[in-house]
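For reference, the chains in residue letters:
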Amino acid sequence: MDILLVASAFNSLSQRVYAELSDLGHRVDVVLAAHGPDAVRSAVRDRRPELIIAPMLKTALPDDVWQRHTCLVVHPGPLGDRGPSSLDWAIAEQAPHWGVTVLQAEAAMDAGAVWASEPFPVEQVGKSDLYRNEAADAALTAVHQAVRRYAEGSYKPRPQSGPEIRARVVWRDVFRQPRRRIDWAADDTATVLRKLRGADSQPGVLDEVRDREVFLHGGHPEDRLRGRPGELLATRAGAVCRATRDGAVWIPELRPRKNSGDPAPFRRPAADVLTDPALPEDPAPLELPPDRRTWTDIHYRQHGDVGFVSFSFPGGAMSTGHCRRLLAAYEYALARPTRVLVLGGRRDFFSNGIHLNVIEAAPDPAAESWTNLNAMDDLVEAVLRTTDRLVVAALGGNAAAGGAMLALAADEVWCRTGAVLNPHYRRMGLYGSEFWTYSLPRRVGADTAARLTEEAQPVSAATAARTGLVDRLLPVPAQGFTGEVERLAATLAERPDLDRRIAAKAATRRADEAERPLAAYRKDELARMRALFFDPTAPYHALRSDFVRKVPGGAR
(Lines give C-alpha, C1' and ligand atoms only; values in the text may rest on other atoms or scores of the structure.)
Protein backbone atom coordinates (compact mmCIF):
# COMPACT_ATOMS: atom_id res chain seq x y z
CA MET A 1 0.00 0.00 0.00
CA ASP A 2 0.87 3.66 -0.26
CA ILE A 3 1.05 4.89 3.33
CA LEU A 4 1.64 8.43 4.53
CA LEU A 5 2.98 9.01 8.04
CA VAL A 6 1.99 12.31 9.64
CA ALA A 7 4.14 13.02 12.69
CA SER A 8 4.93 16.04 14.81
CA ALA A 9 8.55 14.86 14.78
CA PHE A 10 10.38 12.03 13.09
CA ASN A 11 11.14 10.56 16.51
CA SER A 12 12.15 7.03 17.48
CA LEU A 13 8.63 5.59 17.18
CA SER A 14 7.94 7.32 13.86
CA GLN A 15 11.24 6.02 12.50
CA ARG A 16 10.48 2.50 13.63
CA VAL A 17 7.00 2.56 12.07
CA TYR A 18 8.53 3.90 8.84
CA ALA A 19 11.27 1.27 8.76
CA GLU A 20 9.13 -1.74 9.64
CA LEU A 21 6.28 -0.87 7.27
CA SER A 22 8.85 -0.32 4.52
CA ASP A 23 10.28 -3.76 5.27
CA LEU A 24 6.87 -5.25 4.51
CA GLY A 25 6.88 -3.72 1.03
CA HIS A 26 4.65 -0.73 1.69
CA ARG A 27 5.57 2.57 0.03
CA VAL A 28 5.92 4.90 2.98
CA ASP A 29 6.28 8.68 2.91
CA VAL A 30 6.51 11.10 5.83
CA VAL A 31 5.24 14.63 6.37
CA LEU A 32 5.91 16.60 9.52
CA ALA A 33 2.83 18.13 11.13
CA ALA A 34 5.20 20.76 12.56
CA HIS A 35 5.35 22.23 9.05
CA GLY A 36 1.70 23.18 9.42
CA PRO A 37 -1.70 21.94 8.20
CA ASP A 38 -1.12 23.14 4.64
CA ALA A 39 1.99 20.95 4.38
CA VAL A 40 -0.09 17.97 5.52
CA ARG A 41 -2.83 18.77 3.01
CA SER A 42 -0.26 19.17 0.25
CA ALA A 43 1.37 15.83 1.06
CA VAL A 44 -2.00 14.08 1.02
CA ARG A 45 -2.94 15.73 -2.28
CA ASP A 46 0.39 15.00 -3.98
CA ARG A 47 0.94 11.45 -2.75
CA ARG A 48 -2.68 10.27 -2.63
CA PRO A 49 -2.02 7.64 0.06
CA GLU A 50 -4.30 4.67 0.59
CA LEU A 51 -3.83 4.99 4.35
CA ILE A 52 -2.63 7.73 6.70
CA ILE A 53 -0.98 6.84 10.03
CA ALA A 54 -0.05 9.29 12.78
CA PRO A 55 2.50 7.50 15.01
CA MET A 56 3.28 10.61 17.09
CA LEU A 57 1.08 13.66 16.91
CA LYS A 58 0.94 16.73 19.17
CA THR A 59 -1.58 18.64 17.06
CA ALA A 60 -4.85 17.58 15.47
CA LEU A 61 -5.02 16.46 11.86
CA PRO A 62 -6.76 18.95 9.56
CA ASP A 63 -10.49 18.24 9.53
CA ASP A 64 -10.65 17.91 5.75
CA VAL A 65 -7.92 15.25 5.87
CA TRP A 66 -9.45 12.86 8.41
CA GLN A 67 -12.95 13.41 7.01
CA ARG A 68 -11.90 12.31 3.51
CA HIS A 69 -9.25 9.70 4.29
CA THR A 70 -8.83 6.87 6.74
CA CYS A 71 -6.38 8.19 9.35
CA LEU A 72 -5.11 5.95 12.12
CA VAL A 73 -3.74 7.58 15.26
CA VAL A 74 -1.33 5.70 17.54
CA HIS A 75 -2.32 6.57 21.12
CA PRO A 76 0.04 5.46 23.94
CA GLY A 77 -2.80 4.48 26.23
CA PRO A 78 -5.05 1.43 26.74
CA LEU A 79 -8.52 1.02 25.30
CA GLY A 80 -10.74 3.80 26.62
CA ASP A 81 -7.90 6.06 27.68
CA ARG A 82 -8.05 9.60 26.32
CA GLY A 83 -5.88 12.65 26.72
CA PRO A 84 -2.43 14.00 25.78
CA SER A 85 -0.38 12.77 28.77
CA SER A 86 -1.16 9.08 28.90
CA LEU A 87 2.28 7.69 29.83
CA ASP A 88 2.75 10.43 32.45
CA TRP A 89 -0.40 9.27 34.23
CA ALA A 90 0.61 5.60 33.95
CA ILE A 91 3.87 6.30 35.77
CA ALA A 92 2.35 8.68 38.33
CA GLU A 93 -0.41 6.19 39.21
CA GLN A 94 2.06 3.29 39.30
CA ALA A 95 0.05 1.27 36.81
CA PRO A 96 1.53 -2.25 36.47
CA HIS A 97 0.28 -2.52 32.89
CA TRP A 98 -0.67 -0.03 30.22
CA GLY A 99 -1.38 -0.25 26.50
CA VAL A 100 -1.30 1.25 23.03
CA THR A 101 -4.43 1.84 20.97
CA VAL A 102 -4.61 2.46 17.23
CA LEU A 103 -7.80 4.37 16.57
CA GLN A 104 -9.43 6.23 13.73
CA ALA A 105 -9.13 10.00 13.79
CA GLU A 106 -12.26 12.01 14.39
CA ALA A 107 -13.22 15.38 15.87
CA ALA A 108 -12.88 14.38 19.54
CA MET A 109 -9.37 13.51 20.74
CA ASP A 110 -8.72 9.76 21.06
CA ALA A 111 -12.45 8.98 20.69
CA GLY A 112 -12.41 7.25 17.31
CA ALA A 113 -13.18 3.64 16.51
CA VAL A 114 -10.47 1.15 17.46
CA TRP A 115 -8.50 -0.77 14.84
CA ALA A 116 -6.11 -2.52 17.23
CA SER A 117 -4.85 -2.40 20.81
CA GLU A 118 -1.96 -4.05 22.61
CA PRO A 119 -1.00 -4.17 26.32
CA PHE A 120 2.50 -3.79 27.75
CA PRO A 121 4.10 -3.96 31.22
CA VAL A 122 5.14 -0.71 32.89
CA GLU A 123 8.75 -1.19 33.95
CA GLN A 124 10.45 0.97 36.61
CA VAL A 125 12.32 3.10 34.09
CA GLY A 126 12.11 6.64 32.76
CA LYS A 127 9.17 7.64 30.58
CA SER A 128 11.31 8.04 27.47
CA ASP A 129 12.87 4.61 27.97
CA LEU A 130 9.41 3.08 28.46
CA TYR A 131 8.15 4.88 25.36
CA ARG A 132 11.02 3.69 23.14
CA ASN A 133 10.83 0.11 24.34
CA GLU A 134 7.77 -1.52 25.95
CA ALA A 135 5.36 1.06 24.53
CA ALA A 136 7.02 1.02 21.10
CA ASP A 137 6.95 -2.78 20.96
CA ALA A 138 3.22 -2.72 21.70
CA ALA A 139 2.68 0.11 19.22
CA LEU A 140 4.32 -1.78 16.36
CA THR A 141 2.31 -4.92 17.13
CA ALA A 142 -0.87 -2.85 17.05
CA VAL A 143 0.13 -0.90 13.93
CA HIS A 144 0.95 -4.06 12.00
CA GLN A 145 -2.38 -5.57 13.01
CA ALA A 146 -4.30 -2.42 12.05
CA VAL A 147 -2.58 -2.20 8.65
CA ARG A 148 -3.34 -5.87 7.93
CA ARG A 149 -6.97 -5.37 8.89
CA TYR A 150 -7.28 -2.30 6.71
CA ALA A 151 -5.62 -4.04 3.74
CA GLU A 152 -7.92 -7.04 4.03
CA GLY A 153 -10.92 -4.71 3.76
CA SER A 154 -13.37 -6.76 5.81
CA TYR A 155 -12.56 -5.57 9.32
CA LYS A 156 -14.96 -3.15 10.96
CA PRO A 157 -13.28 -1.03 13.65
CA ARG A 158 -14.92 -1.18 17.06
CA PRO A 159 -16.50 1.89 18.64
CA GLN A 160 -15.19 2.82 22.07
CA SER A 161 -18.63 2.85 23.63
CA GLY A 162 -21.56 0.51 23.45
CA PRO A 163 -22.81 -2.71 25.01
CA GLU A 164 -20.07 -4.85 23.45
CA ILE A 165 -17.24 -2.67 24.82
CA ARG A 166 -16.13 -3.37 28.39
CA ALA A 167 -13.39 -0.75 28.63
CA ARG A 168 -14.15 2.29 30.75
CA VAL A 169 -13.61 5.59 28.97
CA VAL A 170 -11.35 7.86 31.04
CA TRP A 171 -10.24 11.37 30.10
CA ARG A 172 -6.89 12.35 31.59
CA ASP A 173 -5.92 16.00 31.46
CA VAL A 174 -2.54 17.39 30.54
CA PHE A 175 -0.08 16.43 33.27
CA ARG A 176 1.09 19.91 34.26
CA GLN A 177 3.98 21.09 36.39
CA PRO A 178 2.01 21.52 39.65
CA ARG A 179 1.43 17.74 39.67
CA ARG A 180 5.12 17.11 39.05
CA ARG A 181 6.36 19.43 41.81
CA ILE A 182 8.74 17.79 44.28
CA ASP A 183 8.36 18.61 47.97
CA TRP A 184 11.88 17.78 49.07
CA ALA A 185 10.98 17.95 52.76
CA ALA A 186 7.92 15.72 52.50
CA ASP A 187 8.39 13.37 49.50
CA ASP A 188 10.28 10.15 50.12
CA THR A 189 12.91 8.91 47.68
CA ALA A 190 10.53 6.58 45.85
CA THR A 191 8.12 9.46 45.23
CA VAL A 192 10.90 11.77 44.06
CA LEU A 193 12.21 9.13 41.65
CA ARG A 194 8.73 8.49 40.27
CA LYS A 195 8.24 12.20 39.57
CA LEU A 196 11.67 12.52 37.96
CA ARG A 197 11.26 9.42 35.82
CA GLY A 198 7.83 10.55 34.69
CA ALA A 199 9.36 13.65 33.09
CA ASP A 200 12.90 12.51 32.29
CA SER A 201 13.09 13.62 28.67
CA GLN A 202 10.13 15.96 28.41
CA PRO A 203 9.06 18.20 29.99
CA GLY A 204 11.33 17.81 33.03
CA VAL A 205 10.35 18.75 36.58
CA LEU A 206 10.35 22.49 37.25
CA ASP A 207 12.26 23.26 40.44
CA GLU A 208 14.44 25.86 42.08
CA VAL A 209 18.15 25.14 42.48
CA ARG A 210 20.48 27.74 43.94
CA ASP A 211 17.85 30.44 43.46
CA ARG A 212 17.44 29.52 39.79
CA GLU A 213 14.39 27.97 38.15
CA VAL A 214 15.47 24.93 36.17
CA PHE A 215 13.91 21.74 34.90
CA LEU A 216 15.23 18.47 36.34
CA HIS A 217 15.67 15.59 33.87
CA GLY A 218 16.09 11.99 34.97
CA GLY A 219 16.56 10.40 38.37
CA HIS A 220 18.45 7.49 39.93
CA PRO A 221 18.77 6.30 43.54
CA GLU A 222 21.82 6.85 45.78
CA ASP A 223 22.49 4.54 48.72
CA ARG A 224 25.08 6.34 50.88
CA LEU A 225 25.18 10.12 50.51
CA ARG A 226 22.84 11.99 52.84
CA GLY A 227 21.99 15.60 53.70
CA ARG A 228 19.24 18.09 54.39
CA PRO A 229 16.23 17.58 52.10
CA GLY A 230 16.84 19.44 48.85
CA GLU A 231 20.56 19.97 49.53
CA LEU A 232 23.02 19.42 46.67
CA LEU A 233 25.59 16.91 47.89
CA ALA A 234 28.02 16.00 45.10
CA THR A 235 28.61 15.55 41.40
CA ARG A 236 29.42 12.39 39.46
CA ALA A 237 30.04 12.16 35.73
CA GLY A 238 28.17 15.41 35.16
CA ALA A 239 25.18 14.49 37.32
CA VAL A 240 24.33 16.07 40.67
CA CYS A 241 23.24 14.28 43.83
CA ARG A 242 20.41 15.84 45.82
CA ALA A 243 19.19 14.82 49.25
CA THR A 244 15.62 13.64 49.89
CA ARG A 245 14.01 13.31 53.29
CA ASP A 246 15.08 9.66 53.54
CA GLY A 247 17.95 9.30 51.05
CA ALA A 248 19.26 10.93 47.91
CA VAL A 249 18.90 10.86 44.13
CA TRP A 250 21.20 11.48 41.18
CA ILE A 251 19.91 13.91 38.53
CA PRO A 252 21.88 13.64 35.27
CA GLU A 253 20.61 16.71 33.41
CA LEU A 254 19.16 20.18 34.00
CA ARG A 255 17.51 22.60 31.61
CA PRO A 256 17.37 26.36 32.29
CA ARG A 257 14.08 28.11 31.59
CA LYS A 258 13.91 29.86 28.22
CA ASN A 259 13.22 33.21 29.87
CA SER A 260 16.03 32.84 32.38
CA GLY A 261 18.62 34.70 30.35
CA ASP A 262 20.76 31.58 30.02
CA PRO A 263 22.10 31.43 26.43
CA ALA A 264 21.78 27.64 26.42
CA PRO A 265 18.19 26.89 27.58
CA PHE A 266 18.24 23.21 26.71
CA ARG A 267 19.14 19.96 28.44
CA ARG A 268 22.75 19.67 29.53
CA PRO A 269 24.76 17.70 32.10
CA ALA A 270 23.61 19.05 35.45
CA ALA A 271 27.08 20.01 36.65
CA ASP A 272 27.59 22.11 33.50
CA VAL A 273 24.51 24.17 34.36
CA LEU A 274 25.46 24.55 38.05
CA THR A 275 29.04 25.71 37.71
CA ASP A 276 29.41 27.94 40.78
CA PRO A 277 30.12 27.11 43.49
CA ALA A 278 31.57 23.73 42.59
CA LEU A 279 30.33 20.60 44.32
CA PRO A 280 32.66 17.83 45.49
CA GLU A 281 33.14 14.99 43.03
CA ASP A 282 32.01 11.59 44.27
CA PRO A 283 33.30 9.13 41.66
CA ALA A 284 31.71 5.71 41.52
CA PRO A 285 34.04 2.73 41.20
CA LEU A 286 34.00 1.16 37.77
CA GLU A 287 33.23 -2.19 39.37
CA LEU A 288 30.40 -1.72 41.87
CA PRO A 289 30.21 -4.09 44.84
CA PRO A 290 27.03 -6.18 44.86
CA ASP A 291 25.71 -4.34 47.92
CA ARG A 292 25.82 -0.90 46.27
CA ARG A 293 22.66 0.72 44.90
CA THR A 294 23.96 3.85 43.29
CA TRP A 295 24.04 5.38 39.84
CA THR A 296 26.91 5.24 37.42
CA ASP A 297 26.78 5.71 33.66
CA ILE A 298 29.71 3.34 32.96
CA HIS A 299 30.15 0.00 34.66
CA TYR A 300 32.45 -3.01 34.27
CA ARG A 301 31.66 -6.52 35.40
CA GLN A 302 33.12 -9.91 34.60
CA HIS A 303 31.62 -13.38 34.41
CA GLY A 304 34.29 -15.98 33.81
CA ASP A 305 35.92 -15.37 30.42
CA VAL A 306 33.50 -12.58 29.51
CA GLY A 307 33.93 -8.91 30.39
CA PHE A 308 31.09 -6.41 30.12
CA VAL A 309 31.62 -2.67 29.64
CA SER A 310 28.09 -1.31 29.96
CA PHE A 311 27.16 2.33 29.61
CA SER A 312 24.08 4.50 29.36
CA PHE A 313 24.10 8.21 28.52
CA PRO A 314 20.96 10.41 28.38
CA GLY A 315 19.62 10.47 24.86
CA GLY A 316 22.54 8.33 23.71
CA ALA A 317 24.69 11.46 23.32
CA MET A 318 28.40 11.19 24.12
CA SER A 319 30.32 14.32 25.09
CA THR A 320 34.09 14.61 25.11
CA GLY A 321 34.05 13.59 28.76
CA HIS A 322 31.78 10.61 28.12
CA CYS A 323 34.07 9.38 25.32
CA ARG A 324 37.23 9.73 27.37
CA ARG A 325 35.77 7.99 30.41
CA LEU A 326 34.37 5.18 28.29
CA LEU A 327 37.75 4.76 26.61
CA ALA A 328 39.39 4.53 30.05
CA ALA A 329 36.85 1.88 31.04
CA TYR A 330 37.50 -0.01 27.81
CA GLU A 331 41.25 0.05 28.41
CA TYR A 332 40.63 -1.18 31.98
CA ALA A 333 38.62 -4.07 30.52
CA LEU A 334 41.42 -4.92 28.09
CA ALA A 335 43.75 -5.40 31.07
CA ARG A 336 41.47 -8.12 32.46
CA PRO A 337 41.89 -11.80 31.50
CA THR A 338 38.89 -12.35 29.23
CA ARG A 339 38.33 -13.90 25.82
CA VAL A 340 35.11 -12.04 24.98
CA LEU A 341 34.40 -8.39 25.70
CA VAL A 342 30.85 -7.04 25.43
CA LEU A 343 30.42 -3.32 24.80
CA GLY A 344 26.96 -2.06 25.70
CA GLY A 345 24.34 -4.56 26.75
CA ARG A 346 21.94 -2.24 28.60
CA ARG A 347 18.40 -1.56 27.51
CA ASP A 348 17.54 1.55 25.50
CA PHE A 349 20.00 3.71 23.51
CA PHE A 350 23.39 2.32 22.54
CA SER A 351 24.86 5.59 21.26
CA ASN A 352 23.94 8.48 18.98
CA GLY A 353 27.46 9.86 18.64
CA ILE A 354 28.79 13.27 19.63
CA HIS A 355 26.87 15.41 22.15
CA LEU A 356 25.22 18.20 20.17
CA ASN A 357 23.74 19.91 23.26
CA VAL A 358 27.12 20.22 24.97
CA ILE A 359 28.63 21.43 21.71
CA GLU A 360 25.91 24.06 21.22
CA ALA A 361 26.45 25.38 24.76
CA ALA A 362 30.24 25.59 24.40
CA PRO A 363 31.95 29.00 24.09
CA ASP A 364 33.36 27.80 20.75
CA PRO A 365 31.02 25.14 19.25
CA ALA A 366 33.35 24.47 16.31
CA ALA A 367 36.30 23.75 18.61
CA GLU A 368 34.16 21.59 20.90
CA SER A 369 32.81 19.68 17.89
CA TRP A 370 36.39 18.95 16.87
CA THR A 371 37.46 17.89 20.36
CA ASN A 372 34.38 15.71 20.85
CA LEU A 373 34.81 14.02 17.48
CA ASN A 374 38.48 13.24 18.13
CA ALA A 375 37.57 11.72 21.50
CA MET A 376 34.95 9.58 19.76
CA ASP A 377 37.50 8.55 17.14
CA ASP A 378 39.97 7.56 19.88
CA LEU A 379 37.35 5.24 21.38
CA VAL A 380 36.37 3.66 18.07
CA GLU A 381 40.01 3.18 17.09
CA ALA A 382 40.69 1.36 20.36
CA VAL A 383 37.91 -1.10 19.54
CA LEU A 384 39.15 -1.59 15.98
CA ARG A 385 42.69 -2.27 17.21
CA THR A 386 41.64 -4.90 19.77
CA THR A 387 43.04 -8.16 18.41
CA ASP A 388 43.54 -10.35 21.49
CA ARG A 389 39.87 -11.13 22.15
CA LEU A 390 36.50 -11.03 20.45
CA VAL A 391 34.52 -7.81 20.92
CA VAL A 392 30.72 -7.78 20.78
CA ALA A 393 28.61 -4.63 20.53
CA ALA A 394 25.24 -5.31 22.17
CA LEU A 395 22.56 -2.85 21.08
CA GLY A 396 19.57 -2.85 23.40
CA GLY A 397 18.20 0.20 21.61
CA ASN A 398 18.82 2.69 18.87
CA ALA A 399 22.17 3.72 17.43
CA ALA A 400 22.91 6.54 15.05
CA ALA A 401 25.77 8.37 13.32
CA GLY A 402 29.03 7.89 15.23
CA GLY A 403 27.25 5.65 17.74
CA ALA A 404 26.33 3.25 14.96
CA MET A 405 29.94 3.28 13.76
CA LEU A 406 31.13 2.54 17.31
CA ALA A 407 29.02 -0.62 17.16
CA LEU A 408 30.38 -1.56 13.71
CA ALA A 409 33.93 -1.41 15.05
CA ALA A 410 33.21 -4.57 17.04
CA ASP A 411 33.67 -8.09 15.66
CA GLU A 412 30.01 -8.96 16.18
CA VAL A 413 26.95 -6.73 16.51
CA TRP A 414 23.99 -8.09 18.48
CA CYS A 415 20.79 -6.09 18.31
CA ARG A 416 17.40 -6.23 19.97
CA THR A 417 14.70 -6.59 17.33
CA GLY A 418 13.03 -3.34 18.38
CA ALA A 419 16.07 -1.15 17.72
CA VAL A 420 16.42 1.30 14.85
CA LEU A 421 19.77 2.18 13.25
CA ASN A 422 20.67 5.40 11.45
CA PRO A 423 24.15 4.67 10.01
CA HIS A 424 24.63 8.08 8.43
CA TYR A 425 25.46 11.72 9.17
CA ARG A 426 23.84 13.59 6.30
CA ARG A 427 20.82 14.97 8.15
CA MET A 428 23.16 16.97 10.37
CA GLY A 429 25.04 18.26 7.35
CA LEU A 430 28.15 16.20 8.10
CA TYR A 431 30.43 13.85 6.19
CA GLY A 432 31.13 11.67 9.22
CA SER A 433 34.12 10.10 10.91
CA GLU A 434 34.57 7.28 13.45
CA PHE A 435 36.27 5.24 10.69
CA TRP A 436 32.98 4.75 8.86
CA THR A 437 34.74 4.71 5.50
CA TYR A 438 36.54 1.57 6.70
CA SER A 439 33.93 -0.18 8.86
CA LEU A 440 30.75 0.34 6.88
CA PRO A 441 31.91 -0.89 3.42
CA ARG A 442 33.69 -3.90 4.89
CA ARG A 443 30.40 -5.01 6.43
CA VAL A 444 27.82 -4.19 3.77
CA GLY A 445 29.85 -3.51 0.63
CA ALA A 446 30.61 -0.22 -1.08
CA ASP A 447 27.28 0.10 -2.92
CA THR A 448 25.12 -0.48 0.15
CA ALA A 449 27.36 1.80 2.23
CA ALA A 450 26.85 4.57 -0.31
CA ARG A 451 23.10 4.04 -0.35
CA LEU A 452 22.79 4.04 3.44
CA THR A 453 24.79 7.24 3.86
CA GLU A 454 23.24 9.10 0.91
CA GLU A 455 19.58 8.15 1.42
CA ALA A 456 19.97 8.72 5.17
CA GLN A 457 16.88 6.72 6.15
CA PRO A 458 16.29 4.77 9.37
CA VAL A 459 16.98 1.04 9.17
CA SER A 460 15.04 -1.56 11.13
CA ALA A 461 16.89 -4.24 13.06
CA ALA A 462 15.64 -6.84 10.58
CA THR A 463 16.98 -4.94 7.58
CA ALA A 464 20.23 -4.28 9.43
CA ALA A 465 20.62 -8.04 9.83
CA ARG A 466 19.84 -8.70 6.15
CA THR A 467 22.39 -6.15 4.95
CA GLY A 468 25.17 -7.23 7.31
CA LEU A 469 25.09 -4.28 9.72
CA VAL A 470 24.00 -6.67 12.46
CA ASP A 471 25.16 -10.25 13.03
CA ARG A 472 22.55 -11.48 15.50
CA LEU A 473 19.01 -10.40 16.31
CA LEU A 474 17.74 -10.84 19.85
CA PRO A 475 13.92 -11.17 19.81
CA VAL A 476 13.48 -10.40 23.49
CA PRO A 477 11.64 -7.67 25.40
CA ALA A 478 13.74 -4.76 26.62
CA GLN A 479 13.77 -6.02 30.21
CA GLY A 480 15.18 -9.37 29.05
CA PHE A 481 17.94 -7.98 26.85
CA THR A 482 20.81 -7.86 29.36
CA GLY A 483 20.18 -11.40 30.57
CA GLU A 484 20.05 -12.74 27.02
CA VAL A 485 23.30 -10.96 26.13
CA GLU A 486 24.99 -12.52 29.15
CA ARG A 487 23.77 -15.99 28.18
CA LEU A 488 24.90 -15.67 24.57
CA ALA A 489 28.26 -14.18 25.54
CA ALA A 490 28.94 -17.08 27.91
CA THR A 491 28.13 -19.53 25.12
CA LEU A 492 30.43 -17.65 22.73
CA ALA A 493 33.30 -17.75 25.22
CA GLU A 494 32.98 -21.55 25.45
CA ARG A 495 33.08 -22.20 21.72
CA PRO A 496 36.00 -24.44 20.73
CA ASP A 497 36.79 -22.33 17.66
CA LEU A 498 37.11 -19.06 19.59
CA ASP A 499 40.93 -19.06 19.63
CA ARG A 500 40.96 -19.64 15.89
CA ARG A 501 38.54 -16.74 15.35
CA ILE A 502 40.67 -14.42 17.49
CA ALA A 503 43.80 -15.37 15.54
CA ALA A 504 41.96 -14.86 12.24
CA LYS A 505 40.75 -11.39 13.23
CA ALA A 506 44.30 -10.41 14.22
CA ALA A 507 45.56 -11.58 10.83
CA THR A 508 42.83 -9.67 9.02
CA ARG A 509 43.65 -6.49 10.95
CA ARG A 510 47.32 -6.83 9.98
CA ALA A 511 46.39 -7.34 6.35
CA ASP A 512 44.00 -4.39 6.35
CA GLU A 513 46.60 -2.19 8.04
CA ALA A 514 49.15 -3.11 5.40
CA GLU A 515 46.71 -2.30 2.60
CA ARG A 516 45.65 1.03 4.12
CA PRO A 517 46.40 2.09 7.70
CA LEU A 518 43.58 3.16 10.00
CA ALA A 519 45.43 6.45 10.41
CA ALA A 520 44.81 7.18 6.73
CA TYR A 521 41.06 6.67 7.07
CA ARG A 522 41.02 8.89 10.13
CA LYS A 523 43.08 11.62 8.49
CA ASP A 524 40.86 11.81 5.41
CA GLU A 525 37.60 11.76 7.39
CA LEU A 526 38.78 14.40 9.86
CA ALA A 527 39.97 16.68 7.07
CA ARG A 528 36.41 16.69 5.65
CA MET A 529 34.89 17.19 9.10
CA ARG A 530 37.27 19.96 10.12
CA ALA A 531 36.33 21.94 7.04
CA LEU A 532 32.64 21.66 8.00
CA PHE A 533 33.15 22.41 11.69
CA PHE A 534 35.19 25.55 11.16
CA ASP A 535 33.15 26.96 8.27
CA PRO A 536 30.56 29.26 9.92
CA THR A 537 28.40 29.06 6.78
CA ALA A 538 28.24 25.24 6.79
CA PRO A 539 24.68 23.86 7.24
CA TYR A 540 25.86 21.85 10.27
CA HIS A 541 25.75 24.85 12.57
CA ALA A 542 22.15 25.83 11.78
CA LEU A 543 20.98 22.20 11.74
CA ARG A 544 22.64 21.55 15.10
CA SER A 545 21.13 24.66 16.66
CA ASP A 546 17.64 23.84 15.38
CA PHE A 547 17.92 20.26 16.60
CA VAL A 548 19.13 21.20 20.07
CA ARG A 549 16.66 24.05 20.50
CA LYS A 550 13.80 21.97 19.06
CA VAL A 551 12.90 24.57 16.46
CA PRO A 552 9.50 23.50 15.03
CA GLY A 553 9.45 22.44 11.44
CA GLY A 554 13.09 21.42 11.15
CA ALA A 555 13.92 19.29 8.14
CA ARG A 556 13.56 15.55 8.51
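Residues numbered from 1 in each chain as written. Predicted model: local features only at pLDDT ≥ 70, side-chain atom pairs only at ≥ 80, totals over all residues. Heavy atoms only, no water.

**Student:** So what exactly am I meant to see when it comes to the sheet that holds strand β3 (residues 51–54) here?
**Tutor:** The strands making up a sheet are joined through hydrogen bonds of the backbone, oriented either antiparallel or parallel. With respect to topology, six strands assemble into an open sheet ordered β2-β1-β3-β4-β6-β7, the strand pairing being mixed. Edge positions in the open sheet fall to β2 (27–32) and β7 (114–121), since each of these has one partner strand only. Averaged over all neighbouring strand pairs, the angle between strand axes comes to 20°, with direction disregarded. Here four bridges tie strand β4 (residues 71–75) to strand β6 (residues 97–104), and the two strands are oriented antiparallel to one another. The residue bridging V73 from the neighbouring strand is L103, located in β6. Across the face of the sheet, helix α5 (residues 127–152) comes into contact with β1 (2–7), β3, β4, β6 and β7 while running at roughly 155° to β7. (Pairing = 2+ DSSP bridges. Helix = DSSP H or I, 4+ residues; strand = E, 2+ residues; numbered from the N terminus. Axes fitted to C-alpha atoms, helices over the stretch in contact; angles between N-to-C directions. Contact = heavy atoms within 4.5 Å.)

**Student:** Could you clarify how one ought to interpret helix α1 (residues 12–23) in this entry?
**Tutor:** For an α-helix, the turn length of 3.6 residues means that residues three or four places apart are oriented alike. Taking 1.5 Å per residue, twelve residues should reach 16 Å; α1 reaches 16 Å between its end C-alpha atoms and fits that length. Counting buried positions over the twelve residues of α1 gives ten, a clear majority of the element. Within α1 the residues assigned to the buried category are S12, L13, S14, Q15, R16, V17, Y18, A19, E20 and L21. Once α1 ends, the next one or two residues include G25, with phi positive near 95°. (Expected span 1.5 Å × (residues − 1). Buried < 20%, exposed > 50% of the residue type's maximum accessible area, 1.4 Å probe, protein only.)

**Student:** Any chance you could explain the nonpolar core here in plain terms?
**Tutor:** Note that soluble globular proteins tend to have their nonpolar side chains buried in a common cluster. Ranked by size, the top nonpolar core spans 66 residues in total, and within it L395, L440 and L469 carry the most contacts. If one sorts the elements of this core by residue count, helix α11 (residues 365–384) sits on top with eight residues. Membership of the second largest hydrophobic core comes to 39 residues, among which are L5, L21, L87 and Y131. (Core = buried A, V, L, I, M, F, W, Y, C linked by side-chain atoms within 4.5 Å.)

**Student:** Explanation requested: the side chain of N422 in the structure shown.
**Tutor:** One can find N422 in strand β23 (residues 420–422). The buried category is assigned to N422, whose relative accessible area is 11%. Within the structure, N422 has its side chain in polar contact with the side chain of Q15 (distance 2.7 Å). Every residue in contact with N422, bar those within four places of it in the chain, is listed here: Q15, A399, A400, A401, A404, Q457 and P458. (Polar contact = N/O pair within 3.5 Å; in protein donor to acceptor, adjacent residues only side chain to side chain.)

Geometric descriptors of this kind do not, in isolation, establish any biological role.
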